[in-house]
Amino acid sequence: MSIAVIDYGMGNLRSVSKALEHVAGGKQVIVTAEPAVVAEAERVVFPGQGAMPDCMSELDARGLRAAVLAAAKSKPFLGICVGEQMLFEHSDEGNVAALAVFAGNVKRFPDEKMVLPTGERLKVPHMGWNEVVQKPHALWRGIDDRSRFYFVHSYFVEPADPALVTGSSEYGVPFTCAVGRDNIFAVQFHPEKSARDGLQLLKNFVEWHP
Amino acid sequence: MLAKRIIPCLDVTAGRVVKGTNFVGLRDAGDPIEIARRYNEQGADEVTFLDITASSDQRDIILHIIEACAEQVFIPLTVGGGVRKVEDVRRLLNAGADKVSMNTAAVQNPDLVFDASSKVGSQCIVVAIDAKQVAPGLWHVFTHGGRNDTGMDAIEWAKKVDALGAGEILLTSMDRDGTKNGFDLALTRAVSDAVKIPVIASGGVGNLQHLADGVSEGRADAVLAASIFHFGEYTVRQAKEYMASRGIEVRL
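Residues numbered from 1 in each chain as written. Chains lettered and ligands numbered in written order. Predicted model: local features only at pLDDT ≥ 70, side-chain atom pairs only at ≥ 80, totals over all residues. Heavy atoms only, no water.

Visitor: Describe the nonpolar core, with residues and values.
Guide: By size, the foremost hydrophobic cluster in this structure holds 81 residues, and its most contacted members are F49, M102, I129 and L211 of chain B. When sequence neighbours within four positions are dropped, the list of residues in contact with L211 of chain B reads F183, V205, V223, A225, I228, F229, A239 and M243 of chain B. (Core = buried A, V, L, I, M, F, W, Y, C linked by side-chain atoms within 4.5 Å. Buried < 20%, exposed > 50% of the residue type's maximum accessible area, 1.4 Å probe, protein only. Contact = heavy atoms within 4.5 Å.)

Visitor: Give a description of the layout of surface pockets that names residues and reports values.
Guide: Roughly 620 Å³ of volume is contained in the second largest pocket. In terms of lining, the second largest pocket is formed by 36 residues, of which the most central are R108, P125 and S154 of chain A together with S122 and Q123 of chain B. At the level of elements, α5 (82-85) and β10 (148-153) of chain A together with α5 (111-120) and α6 (154-164) of chain B are the ones that each hand at least two residues to the lining of the second largest pocket. (1 Å grid on protein atoms, 1.4 Å probe; cavity = no way out; pocket = protein on both sides within 12 Å on 5 of 7 lines; lining within 4 Å. Points joined across faces, edges and corners; volume = space filled by probe spheres on them. Helix = DSSP H or I, 4+ residues; strand = E, 2+ residues; numbered from the N terminus.)

Visitor: Give a description of the pairing of strand β9 (residues 148-153) of chain B that names residues and reports values.
Guide: It is a general feature of regular strands that their side chains alternate between the two faces of the sheet. Strand direction decides the pairing type here: strand β8 (residues 138-143) of chain B and β9 of chain B, joined by 3 bridges, are antiparallel. Considered in β9 of chain B, the bridge of F142 of chain B is made with D149 of chain B. (Pairing = 2+ DSSP bridges.)

Visitor: Describe in detail empty space enclosed by the protein, supporting the description with residues and values.
Guide: Enumeration according to the criterion identifies 2 cavities of 30 Å³ or more in this entry. Volume-wise, the largest cavity comes out at about 200 Å³. Q49, H190, E192 and K193 of chain A together with D98 of chain B are, among the 21 residues lining the largest cavity, the residues nearest its centre. Where the lining of the largest cavity is concerned, the elements lending two or more residues are α1 (14-23) and β10 of chain A. When grouped by side-chain class, the residues that make up the lining of the largest cavity number 11 nonpolar, 6 polar and 4 charged. Estimates place the volume of the second largest cavity at around 30 Å³. (Nonpolar A, V, L, I, M, F, W, Y, C, P; charged D, E, K, R; others polar.)

Visitor: Pulling in residues and values, what's your account of the environment of D11 of chain B?
Guide: Residue and element names in this part refer to chain B. Inspection of the secondary structure puts D11 in strand β1 (residues 5-13). Here D11 falls in the buried class, since its relative accessible area comes to 13%. Apart from the residues lying within four places of it in its own chain, the contact partners of D11 are R16, V17, V18, K19, L50 and I52.

Visitor: Run through the pairing of strand β11 (residues 199-202) of chain B, naming residues and quoting values.
Guide: All names here are of chain B. Both faces of β11 are covered, namely the face carrying V199 and A201 and the face carrying I200 and S202. Relative to β11, strand β10 (residues 168-173) runs parallel, the two sharing 4 bridges. Each bridged residue has a counterpart across the sheet, and for L170 the counterpart in β11 is I200. With helix α7 (residues 185-194) bridging β10 and its parallel neighbour β11, the resulting β-α-β unit is right-handed. Of the pairings in the sheet, the one linking β11 to strand β12 (residues 222-225) comprises 2 bridges and is parallel in character. (Right-handed = clockwise from strand over helix to strand, strands pointing away.)

Visitor: Describe helix α3 (residues 52-61) of chain A, with residues and values.
Guide: All names here are of chain A. Taken residue by residue, α3 has M52, C55, M56 and L59 as its buried positions. Relative to the axis of α3, the buried residues are bounded by an arc of 95° and lie together on one face. On the buried face of α3, the contacting elements are β3 (43-46), α4 (65-74), α5, β5 (90-91), β6 (96-97) and β7 (104-108). Of the residues flanking the end of α3, it is G63, one or two places downstream, whose phi is positive at about 65°. (Arc of directions from axis to C-beta.)

Below, the structure written as structure tokens:
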């Protein structure tokens, strides 16, 4: 049984696949653009990098939309970064419609809130290690609450249903950085770049039976 | 709150990490993958590789180093040096780099910053600026490892690369690099206050106070250092504990 990492031509998937291999305990990790391989996989990782409109158009250009939606309904599914954002309805980045697995939209960090009382500016992209406040979920097993994960992004999700939120963080404004429902877990940060705690989260995903 | 980052920098040539003073007088500091792994274990927030190889026939060595490193070190990796076109950026990203830094090529062809960030995303594109003071409060951008004065104002150039889509600036003071006298704090602060993207301060770190000053006085989002870590004077962990004791948010 394999773990499929969906490749729709956006960015480097080597880090994700190598980190998964590191924790997969011998399970096969396949980077794939084939809908059939996604359909056969035991579990699916949906990464994303770069601009949302490009991600959506590349996904469709490769005929992967249906395979992603089917996987999101049927098997353990992990969205990462833009792969999390694409699960929502709409993004302000390029004013684009997304996959609408979850109700809610993707917003940019608001310029007017990106200033500290000292006058120092909070830089965007939000880049670096920030604390994640957890809500109970199997994928946080073995990871302390408020552990830091590596982020690099300018947009974040705003779920319509607060019950989706499994993790939150703060940067000028509070924002949702992890969501989950049934077989889906999705994060704004990069577990594959988040050292020990990130690898633990990926290990939890590989072993997850929702 | 977002932690301030500590980034050990590895200058790599012919497959080895080296360190010089003011860009000359290189000294061997070891195997790049070994060193990157050690810094990861010490809690480094990222690792930066600068390929200072002069001859193009050795360029592919850095790709193999990045490939090997990305299999073992699960923190962000930045690579710079010799990046001239979007294709170079892609090759480095495909090898496992998370961010690619460009310097001389961006000065010669600013469209490269726009083209690269449009194609692979701003978050992958770092513009390295080597700046040298030419008058009080005035710094020029230098290229070719510090040999050529472009005549450009470093602060104006920083604003321009921000507008062109760079995701981050790696700012090196040529006056301070290798001196161990501390960052050029006036330069760092002037650039950091002028742009909306994160700024990494570089050049001149000789002790832990310098790192803290880069953040608190220089308003840098991250601090980069090489020799204080390579030669075992301090661990990354010690640096973070010191910064935390000065009230700076770090990842411990």
